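Chain by chain, the residues run as shown.
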Amino acid sequence: DFSMMLALKVGEGEREQLGLEPFEYILTPYDVQFWKEEDKKKVSVSYQFSKKTPVFVVTYELTNKSKKQQDFVLYTDIEASLKTSHTYAIKDKAWSKFRENGSSLFLNFEDAETQNAQLFAVNAGLQPTAYSGVSSLDSLPAPKDWWKSINWEFDHQTVTKEHPKTPAFRYTYKERLEPGQSMKVVQIIGAVKQGEAYKMAKDIRTSYPQEVQQYERDILSTMQKKVFVTGDSVLDHSVLWSHGILQANKHYIDGSIQPMPCPAEYNFYFTHDVLLTDLAAVNFDLPRVKQDLEFIIQHADSNKVIPHAYYWKDLDYRTEIAVPDNWNHFWFVIVAGTYLRHSRDEAFAQQIYPYVAKSVSQFLQNEKNHIIYSYRPDWWDIGQNFGPRSYTTILAAKALREFAFISAVLDKKASDVEHWEQKADELQKGLNQRLWSEKQNYLINYFEDGSLDEHYYIGSLLGSHYHLLNEERTAKLVATARQKIVDPKIGVYTVYPMDFQDMIGYLKLNGNEAGDPYYYINGGIWPHGNAWYALALMEAGKNEEALQFIRNIMTVKGVMDSPNGQPAMYEYRVSKKSDPSVYGKIDKPQFTWAAGWYLYSLYNVYGVKESPWNIRFEPYLPETQNKVSFVLTNSGREFNVFISGEGEEVQSIFFDGEKQHSTVLPYRFNMKVNQIEIKKGKLREPLLTNLNAVLQNVAYNQETAQLIINSKSFAHHQVTAQIKTPKSVREVAVNGNSDIQWKVEKKSGYDLLSITFKQSKTGDQLAITFEK
């Protein structure tokens, strides 16, 4: 159904409806302009948005391209019904009031379910010659082809409070244009509570240009920061686009501006969407992540259980609390851990710790025999069939290791920290023993009755990204995914085969809520599935393939160049190859966590890696690229990182010109450092490359050829460290004790030293002495 109708009459010609044929357009994350140019006229329609006032601005510009004077008559009809948040009930009765001879129109909804809303429209350009607040329809939704019988002859139609009708903003504009001359119509449309609109409408008439500019400057300033620069115009354009989406997709809800999944104006907050986006944002925007975590715990219940969603429903705001098998518990713990790792904000970690602990206790309610059970088939929140799931087991193992990290940093009881880490190890073992299929070469699931779920789900791909599979199984997982669920033109299916329409009763789905085959969750293509596949490729050592997949499938240009593409970072795409008219069709073009997963994938492919204990570099540069730069947060600050050179290894790493001997970043960073420079090439001196404990500091004495590493975790934690060295190892000791386990593997151009020891206390010193 159309919500807006445009018609144009030029001279003595017939009235024509506009918008039924495609227009050219320019789209940005903050505005859009459509235009169509013909021999005798040009029509342009643009949409802009205000920074502070709850309005958007529609501008219509008509140009006479003929060689003679012509009368242009523009008709605009905007149907102004409302839908309630969450329940989506149509509210199509209101009364209207005009001011300034029809220049301003106010539509009043006497309905508590819409908070007695007042919609208004202000004409700030050419003034209308006729106007109406009454729809041409008797009710909504509109019948098919309703526009063909629409009545354009109206004037000064209002609706009384006693007899409300279906409302609309309807206007006629007339102007005689000379050749080359244009007419400009500006409609400012907003929504507030009754009584708030009259002064707002008066003020916005003159202030809207400044407010629109302020909004655009705010987003552009974010986009113009050199947050990530690869030198590849396709990748870098999508970096800017992603940051624009993250800044633009924010809405008012119950007294504050909060992130929203898409530009749609609805009173709905999703915890899941925010947390997934924050996995990327933590690299460059710590205040955003902290604000998100604060909002989540503010809306937890009295038992400190976090919300799944927060929204207006019927008569008030409602909090939908996350049930024990809700994936928000896992992601909340994971984001809390990564925020602490990047921020070192231990005071805030103490504040949210009880909520994190509650989420852990919630998801562990569904542990059975070292597997996490769930009602949901994979990553979505539909279905009721309680069985062992790979996706939730993967996330539980990852979340428990994050919880152990948070607990250790906050000096919680060592035996408790050890318990959480052991529980994570048990889940990893259970995942590999019970949910890895040698037949399918994939992480699988089971139904409640014990039968095998033969579907291939995207959630299994996270098993490799979170280092829960060995190299052999990671390679097999990737190969199976490539064969079963990857469409090389548009991305990764959520599931294969696509047959949930035949399992409605078995999975206890609410009708066809999963969608038809190839649509929505039933085999549609979602952005996080693309990211998870790219991340799995990286773990399989296929960085080049991962980067090409990101470039071809996840960038704005990649989406535009694909079947039924458009400039979008979408919610999902239709994957039905057999129907070219819908193959690749996009739903919700600008999706917040699509932007987040793109940035997260880019940070990972160029070598920013995280374990539960630290952040480290494994820099990668493709053959066509010799440098990359990006912003990275650590110890609560932003640092500029520059990677350059050739070859597979790190030749050297510098902090503000001072040479370092670790690609693992220390937890407590030197607060004076502003720049990290990494040069690739032949390894020259020993270099710490991995550590599963908090790194305090690293120092190398060239005279004694000794590398000193100070780490922190908790008593009895099994610490592993890896050091790449061009020199032979002479001695390894922990706190002066050389009776520890270590081995050396010969690699091309260096030796790989692997050390394993039990942490005897919260902090230990590891000393490696090399041959001079």
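This section reports on the structure supplied with the text.

Here is what the cut-offs are and how they apply
Residues numbered from 1 in each chain as written. Predicted model: local features only at pLDDT ≥ 70, side-chain atom pairs only at ≥ 80, totals over all residues. Heavy atoms only, no water. Helix = DSSP H or I, 4+ residues; strand = E, 2+ residues; numbered from the N terminus. Rg over C-alpha atoms; globule rule 2.2 N^0.38 Å. Buried < 20%, exposed > 50% of the residue type's maximum accessible area, 1.4 Å probe, protein only. Contact = heavy atoms within 4.5 Å. Pairing = 2+ DSSP bridges. Axes fitted to C-alpha atoms, helices over the stretch in contact; angles between N-to-C directions. Salt bridge = Lys/Arg side-chain N within 4 Å of Asp/Glu carboxyl O. Parallel < 35°, antiparallel > 145°, perpendicular 65-115°, else oblique. Left-handed = near helix turned anticlockwise from the far one by under 90°. Expected span 1.5 Å × (residues − 1). Phe/Tyr/Trp six-rings, centres within 6.5 Å; stacked < 30°, edge-to-face > 60°. Lys NZ or Arg CZ within 6 Å of the ring centre and 35° of its normal. Polar contact = N/O pair within 3.5 Å; in protein donor to acceptor, adjacent residues only side chain to side chain.

### Let's talk about the overall build of the protein
Within the protein one finds 14 helices and 49 strands. Its C-alpha radius of gyration of 29 Å places the protein within 12% of the 28 Å reference for a compact globule of 772 residues. Projecting the C-alpha coordinates of the protein onto the three principal axes gives extents of approximately 95 × 60 × 50 Å. Within the protein, the proportion of its 772 residues that are buried is 58%. Taking contacts inside the protein between residues at least 6 apart in sequence as the whole, the part at least 24 apart equals 68%.

### Remarks on the sheet that holds strand S47 (residues 741-747)
If you walk across this open sheet you meet the 4 strands as S42-S45-S48-S47, and the pairing is antiparallel. The open sheet is flanked by strand S42 (687-691) and S47, the only strands paired with a single partner. Across the sheet, the axes of successive neighbouring strands diverge by a mean angle of 20°, strand direction being ignored.

### Quick word on the pattern of salt bridges
Overall, the coordinates contain 36 salt bridges when judged by the stated rule. Between Arg-288 and Asp-278 there is a salt bridge, with the nearest N and O atoms lying 3.8 Å from each other. On the criterion of sequence distance, the pair formed by Arg-288 in helix H4 (residues 286-298) and Asp-278 in helix H3 (residues 271-281) is long-range, its members being 10 residues apart. With relative accessibility at 9%, the residue Arg-288 sits in the buried group. Glu-426 is the salt-bridge partner of Lys-423, the closest N and O atoms lying 3.9 Å from each other. Of this pair, Lys-423 and Glu-426 both sit in helix H8 (residues 414-434), 3 residues apart, which is roughly one turn of the helix. Look at Lys-423 and you get buried, because its relative accessible area is 15%.

### Some words on the pairing of strand S45 (residues 718-725)
Of the pairings in the sheet, the one linking S42 to S45 comprises 4 bridges and is antiparallel in character. Across the sheet, the residue bridging to Asn-690 is Gln-722, located in S45. As paired elements, S45 and strand S48 (residues 750-758) share 8 bridges and run antiparallel to each other. Within the sheet, the bridge partner assigned to Gln-718 lies in S48 and is Lys-758.

### Some words on the sheet that holds strand S23 (residues 371-374)
The strand order S22-S23-S24 describes an open sheet built from 3 strands, whose pairing is antiparallel. Two strands bound the open sheet, and with one partner strand each, they are strand S22 (367-368) and strand S24 (387-388). Relative to S23, S22 is paired through 2 bridges, and the arrangement is antiparallel. Looking across to S23, one finds that Glu-367 is bridged to Ile-372.

### Focus on the environment of Tyr-496
Inspection of the secondary structure puts Tyr-496 in strand S32 (residues 495-496). Among the residues examined, Tyr-496 registers a relative accessible area of 32% and is labelled partly exposed. Considered as a pair, Tyr-496 and Asp-425 are 71 residues apart in the sequence and their alpha carbons are 29 Å apart. Residues contacting Tyr-496, with those up to four places away along its chain left out, are Glu-454, His-455, Tyr-456, Lys-484 and Ile-485.

### Quick notes on the packing of helix H12 (residues 543-554) against helix H14 (residues 592-605)
One way to put it is that H12 packs onto H14 with a least axis distance of 10 Å and a crossing angle of 155°. Taken together, the axis directions place H12 and H14 in an arrangement best described as roughly antiparallel. Taken as a pair, H12 and H14 cross one another with a handedness that is left-handed. Taking contact as the criterion, the partners of Asn-543, Ala-546, Leu-547, Ile-550 and Met-554 in H12 are, on H14, Trp-597, Tyr-598, Ser-601, Leu-602 and Val-605.

### Digging into helix H5 (residues 328-343)
An ideal rise of 1.5 Å per residue puts 22 Å on 16 residues; H5 measures up with 22 Å between its terminal C-alpha atoms. Backbone geometry just after H5 places Arg-344 at a positive phi near 60°.

### A short note on the side chain of Asn-366
By the element assignment, Asn-366 lies in the loop between helix H6 (346-363) and S22. Other than its neighbours up to four places away in sequence, Asn-366 contacts Pro-324, Asp-325, Ile-371, Ile-372, Tyr-373 and Phe-386.

### Digging into the packing of aromatic side chains
Summed over the entire model, instances satisfying the criterion amount to 45 aromatic pairs. Note on Tyr-310 and Tyr-317: the rings are 5.4 Å apart at their centroids and 15° apart in plane angle, and the pair reads as stacked. Look at Tyr-310 and you get buried, because its relative accessible area is 7%. Relative to Trp-526, the ring of Trp-379 lies with its centre 5.0 Å away and its plane at 65°, an arrangement referred to as edge-to-face. Of this pair, Trp-379 sits in the loop between S23 and S24 while Trp-526 sits in the loop between S32 and helix H11 (527-539), and the two are 147 residues apart along the sequence. Judged on exposure class, the residue Trp-379 and its partner Trp-526 are both buried. Taken together, the aromatic side chains of Trp-379, Trp-380, Tyr-457, Phe-500, Tyr-520, Trp-526, Tyr-572, Phe-591 and Trp-593 make up a single cluster linked through ring pairs. The lysine or arginine in question, Arg-341, covers the ring of Phe-405, its NZ or CZ lying 5.3 Å from the ring centre. Against the face of Tyr-373 rests Lys-368, its NZ or CZ located 5.0 Å from the ring centre.

### Describing the environment of Glu-37
With respect to the helices and strands, Glu-37 occurs in strand S4 (residues 32-37). On the basis of relative accessibility, which here comes to 45%, the residue Glu-37 falls in the partly exposed class. Spatially, the C-alpha atom of Glu-37 lies 9.9 Å from that of Leu-62, the residues being 25 residues apart in sequence. Polar side-chain contacts of Glu-37 include one of 2.7 Å to the side chain of Lys-65.

### With respect to unusual backbone geometry
Omega for the peptide link from Tyr-496 to Pro-497 comes to 0°, which places this bond in the cis form. With respect to the helices and strands, Pro-497 occurs in the loop between S32 and H11. One non-glycine residue, His-467, lies in the positive phi region at around 60°. Within the fold, His-467 resides in the loop between helix H9 (462-465) and helix H10 (471-484).

### Comments concerning the side chain of Ser-44
By secondary structure assignment, the location of Ser-44 is in strand S5 (residues 41-49). For Ser-44, a relative accessible area of 9% translates into the label buried. A distance of 3.2 Å separates polar atoms of two side chains, one belonging to Ser-44 and the other to Gln-33.

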